Amino acid sequence: VVEDDALPADAQGGDAVGLFKQSLKIGDRLCSVTSFASHAWENGPYQITFIILYPTLGESWRIAVTEEDLNLDEEASLANMPLPKLKALAKKVVEQLTWVGSEEGGDLGIVFLAL
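About the thresholds
- Residues numbered from 1 in each chain as written.
- Predicted model: local features only at pLDDT ≥ 70, side-chain atom pairs only at ≥ 80, totals over all residues.
- Heavy atoms only, no water.
- Helix = DSSP H or I, 4+ residues; strand = E, 2+ residues; numbered from the N terminus.
- Buried < 20%, exposed > 50% of the residue type's maximum accessible area, 1.4 Å probe, protein only.
- Contact = heavy atoms within 4.5 Å.
- Areas by Shrake-Rupley, 256 points an atom, 1.4 Å probe, with all protein chains shown as cover.
- Pairing = 2+ DSSP bridges.
- Axes fitted to C-alpha atoms, helices over the stretch in contact; angles between N-to-C directions.
- Salt bridge = Lys/Arg side-chain N within 4 Å of Asp/Glu carboxyl O.

Engineer: Would you mind going over the overall build of the chain with me for this structure?
Structural biologist: What the chain contains, in helices and strands, is one helix and six strands. Reading the helices (α) and strands (β) of the chain from amino to carboxyl end gives β-β-β-β-α-β-β. The buried share of the chain, taken over its 115 residues, is 38%. Long-range contacts, defined here as pairs at least 24 residues apart, represent 36% of the contacts in the chain between residues at least 6 apart. Accessible area for the chain stands at about 6700 Å²; split by element, carbon and sulfur atoms hold 47% of it.

This is the structure we're talking about:
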């Protein structure tokens, strides 16, 4: 489990649950990825958030993926999902992230495709 102090400041002390923090390759780029699950806002939809740091450029991106983005069945809920299953789902989402733009053009970004 990711400790509270490893989460971004706005996720500490709330309902956020740390899922993982590790170095992962997205495409051919090695990145530091921190993932946590939380409500988007008080009583809002539950989501999985990823903070992706690409050290080569010193850039970071924050991507949130909701139940709707994941096409979960109506009876499935991120908020009620057991932690091991939530972690596994978050790892699957990372596999579906892709780069857009270019480093040279200064418009490099990252997007979630779909599961």
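Engineer: In this structure, what is going on with the sheet that holds strand β1 (residues 17-26)? I would like to understand it.
Structural biologist: Hydrogen bonds between backbone atoms are what pair the strands of a sheet, whose relative direction is either parallel or antiparallel. Judged by pairing direction, the sheet is antiparallel, and its four strands sit side by side in the order β1-β2-β3-β4 without closing on themselves. The sheet terminates laterally at β1 and β4 (59-66), the two strands that pair on one side only. Averaged over all pairs of adjacent strands, the angle between strand axes in this sheet comes to 20°, irrespective of strand direction. Relative to β4, strand β3 (residues 46-54) runs antiparallel, the two being bridged by eight bridges. Paired with phenylalanine 50 across the bridge in β4 is isoleucine 63. Against the sheet, helix α1 (residues 83-95) makes contact with β1, β2 (29-39), β3 and β4, and its axis sits at roughly 30° relative to β1, the strand it touches most.

Engineer: For this particular structure, what's the right way to read the pattern of salt bridges?
Structural biologist: Side-chain pairs of opposite charge can arise where the charged atoms are in close proximity. Overall, the coordinates contain one salt bridge when judged by the stated rule. Glutamate 103 is paired through a salt bridge with arginine 29; the nearest N and O atoms lie 2.9 Å apart. Linking glutamate 103 in the loop between β5 (97-100) and β6 (109-112) with arginine 29 in strand β2, this pair joins segments that are 74 residues apart in sequence. Take arginine 29: its relative accessible area is 16%, and that puts it in the buried class.

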